[in-house]
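Working through the structure, step by step
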Amino acid sequence: MEGNHEHFMKSIRIFAPGRDFRYAAKHPLDLAELLSQQGYNVEVVAPMDSDVVALHNQRGFSIRTLPIILSRWVTAFRSTEYLILAMLQGIPFADITIGVDPPGFMIAHKLKQLKRTRMVVYYAMELLLPEEVPDQQTVGYQARYIRQADLVITTGKHRAEVLQKRFLLPSKPIVIHNSFVTPPTWPEPSLQKTLVERGFSPAKHLVLFLGHLFWQHALKEVIESMSDWPIESGLVIAGYGDSEYVTELLDLASTRGLSDRIYYLGALASGAENVFALMRGASIGLVLKRYKGCILNDIYYTPTKLFEYGAVGLPVICSDQESLRFVESEGWGICVDSEKPEKIGLAVNVFLENKMRLEKASAVAQQRFEEVYCMEKQILPLLQFLKDA
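The following refers to the structure shown. Values in this document were obtained by computation on a predicted structure and should not be read as measured data.

Overview of the sheet that holds strand β9 (residues 233-238)
Read across the sheet, six strands follow the order β10-β9-β8-β11-β12-β13 without closing on themselves; strand pairing throughout is parallel. Each of the sheet's edge strands pairs with one partner strand only, and the pair in question is β10 (262-266) and β13 (333-336). Across the sheet, the axes of successive neighbouring strands diverge by a mean angle of 20°, strand direction being ignored. Note: strand β12 (residues 316-319) against β13, four bridges, orientation parallel. Across the sheet, residue Ile317 finds its bridge partner in β13, namely Ile334. The sheet contacts of helix α14 (residues 341-352) involve β8 (205-210), β9, β11 (284-287), β12 and β13, and relative to β13 the element is tilted by about 165°.

Structure representation (structure tokens):
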């Protein structure tokens, strides 16, 4: 994307509270980087110990740190202290202020009331409703004032529909999926090499789960489904999580006689290059979740992992949820009931026993990322709004 200087260097400030996991910090930074490339004067404001600050890395915009220790807070960003500290920082006027999630929105809205910004954009990375998250002061503030935002952004079509209906918004929020900026180069595939270095004898076809290891991600159901997989296939499990849960998974594999077809790698070294190198050596990526007892924020959720898989041409098997069904209609995934092992096994077979279908799904996945889901394409509606503002 080439810079557009018709906006006369409008200043944009992004209040990004950040949380203790990578993507919540990375998405606002990607947004800031792309906006700065368009010629905007961008500043990001975040707590001093936030991942937002740690991941900043001189990306073409400035960052202002608040003297606040996020890790000491039991709940992310009780509003009063954050607001006072923001005010004490003497933050100057900005044409447009983007508030990330309810805490960031509260600050942005207050700054508009104080005439220290002209327009407020609410970037709702999470779908937080007062009836489902009643203990956060900032969530209640969001409910009262969200209609006063000049623009609302959220991270999926169904989240946008819920926000508009629940808060009677005059227009539907624009959608910027939880995607990422296209890397300048892709690393060489390293999954097979990594498995051999770890002492495994990897199967021909590798199905990959990469992410947080906990009960909601239906890994027990995946292991139970493996009796129906082609014999030359195996499951790679990589990520961080509860050690007791990991032990349960490995015990289940042993009980089912599958220990030699399951390759547990544990947490990976940090860095997108390591993640993409592993992904590029797999045949299928898994995005499965159990939804019983989940709030709408978890139900209407389109994870970054989905777009990471797609970017490297990895067909996906997803939970059969409204927010994920587009992968099936677009031809690069299969949606299944994640609590039924036989359905998971059938989907794996559909891909691995039909080479042409697997290759076609791989090509479509990569094409859809490049043409639709990369962050460079996702922010185009926001850029149009900013141009017209």
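Section: unusual backbone geometry
Backbone geometry at Asp101 places phi at a positive 60°, although glycine is not the residue there. Along the chain, the position of Asp101 falls in helix α4 (residues 101-113). Positioned with a positive phi, Ala218 is a non-glycine residue whose angle comes to about 55°. One can find Ala218 in the loop between β8 and α8 (219-225).

Describing the nonpolar core
The biggest cluster of nonpolar side chains holds 61 residues, and the ones touching the most others in it are Met279, Leu306 and Trp332. Of the residues forming this core, the biggest block, five residues, is contributed by α4. If we ignore the near neighbours within four places in the chain, the residues touching Leu306 are Val287, Val316, Cys318, Leu324, Phe326, Val327 and Trp332. Ile14, Ile98, Val100 and Met119 belong to the second-largest nonpolar core, a separate cluster that totals 33 residues.

Focus on the packing of aromatic side chains
Per the stated rule, a full pass over the model turns up twelve aromatic pairs. Taking 5.5 Å as the distance between ring centres and 45° as the angle between the ring planes, the aromatic pair formed by Phe326 and Tyr373 counts as tilted. With Phe326 in helix α13 (residues 326-330) and Tyr373 in helix α15 (residues 355-373), this pair connects stretches of sequence that are 47 residues apart. With respect to burial, Phe326 and Tyr373 carry one shared label: buried. Every member of this aromatic cluster is reached through a ring pair, and the members are Phe105, Tyr122, Tyr141 and Tyr145.

Comments concerning the sheet that holds strand β1 (residues 11-15)
Across the sheet, seven strands lie side by side as β3-β2-β1-β4-β5-β6-β7; this open sheet has parallel pairing. Because the sheet does not close on itself, it has two edges, and the strands there are β3 (62-66) and β7 (174-175). Where strand β4 (residues 94-100) lies against strand β5 (residues 117-124), six bridges are found, and the strand directions are parallel. If you follow Ile96 over to β5, its bridge partner there is Met119. Packing of helix α6 (residues 157-167) onto the sheet brings it into contact with β5, β6 (151-154) and β7, and relative to β6 it is tilted by some 140°. Across the sheet, helix α17 (residues 380-388) touches β1, β4, β5, β6 and β7, and the angle it forms with β6 is around 170°.

With respect to α4
Note that an α-helix has 3.6 residues per turn; residues three or four places apart therefore point the same way. Taking 1.5 Å per residue, 13 residues should reach 18 Å; α4 reaches 18 Å between its end C-alpha atoms and fits that length. Counted residue by residue, α4 has ten buried out of 13 residues, so it is predominantly covered. Within α4, burial applies to Asp101, Pro102, Pro103, Gly104, Phe105, Met106, Ile107, Ala108, His109 and Leu111. Two residues or fewer past α4, Lys115 is found with a positive phi of approximately 60°.

Structural notes on the pattern of salt bridges
What the rule picks out here adds up to 13 salt bridges. The shortest N-O distance in the salt bridge between Asp150 and Lys112 comes to 2.9 Å. Here Asp150 is found in the loop between α5 (137-145) and β6, whereas its partner Lys112 is found in helix α4, with 38 residues between them in sequence. Classification of Asp150 as partly exposed rests on a relative accessible area of 31%. Between Arg368 and Glu330 there is a salt bridge, and its shortest N-O distance comes to 3.0 Å. With Arg368 in helix α15 and Glu330 in helix α13, the pair connects residues that are 38 residues apart, well separated along the chain.

Parameters at a glance
- Residues numbered from 1 in each chain as written.
- Predicted model: local features only at pLDDT ≥ 70, side-chain atom pairs only at ≥ 80, totals over all residues.
- Heavy atoms only, no water.
- Pairing = 2+ DSSP bridges.
- Helix = DSSP H or I, 4+ residues; strand = E, 2+ residues; numbered from the N terminus.
- Axes fitted to C-alpha atoms, helices over the stretch in contact; angles between N-to-C directions.
- Contact = heavy atoms within 4.5 Å.
- Core = buried A, V, L, I, M, F, W, Y, C linked by side-chain atoms within 4.5 Å.
- Buried < 20%, exposed > 50% of the residue type's maximum accessible area, 1.4 Å probe, protein only.
- Phe/Tyr/Trp six-rings, centres within 6.5 Å; stacked < 30°, edge-to-face > 60°.
- Expected span 1.5 Å × (residues − 1).
- Salt bridge = Lys/Arg side-chain N within 4 Å of Asp/Glu carboxyl O.

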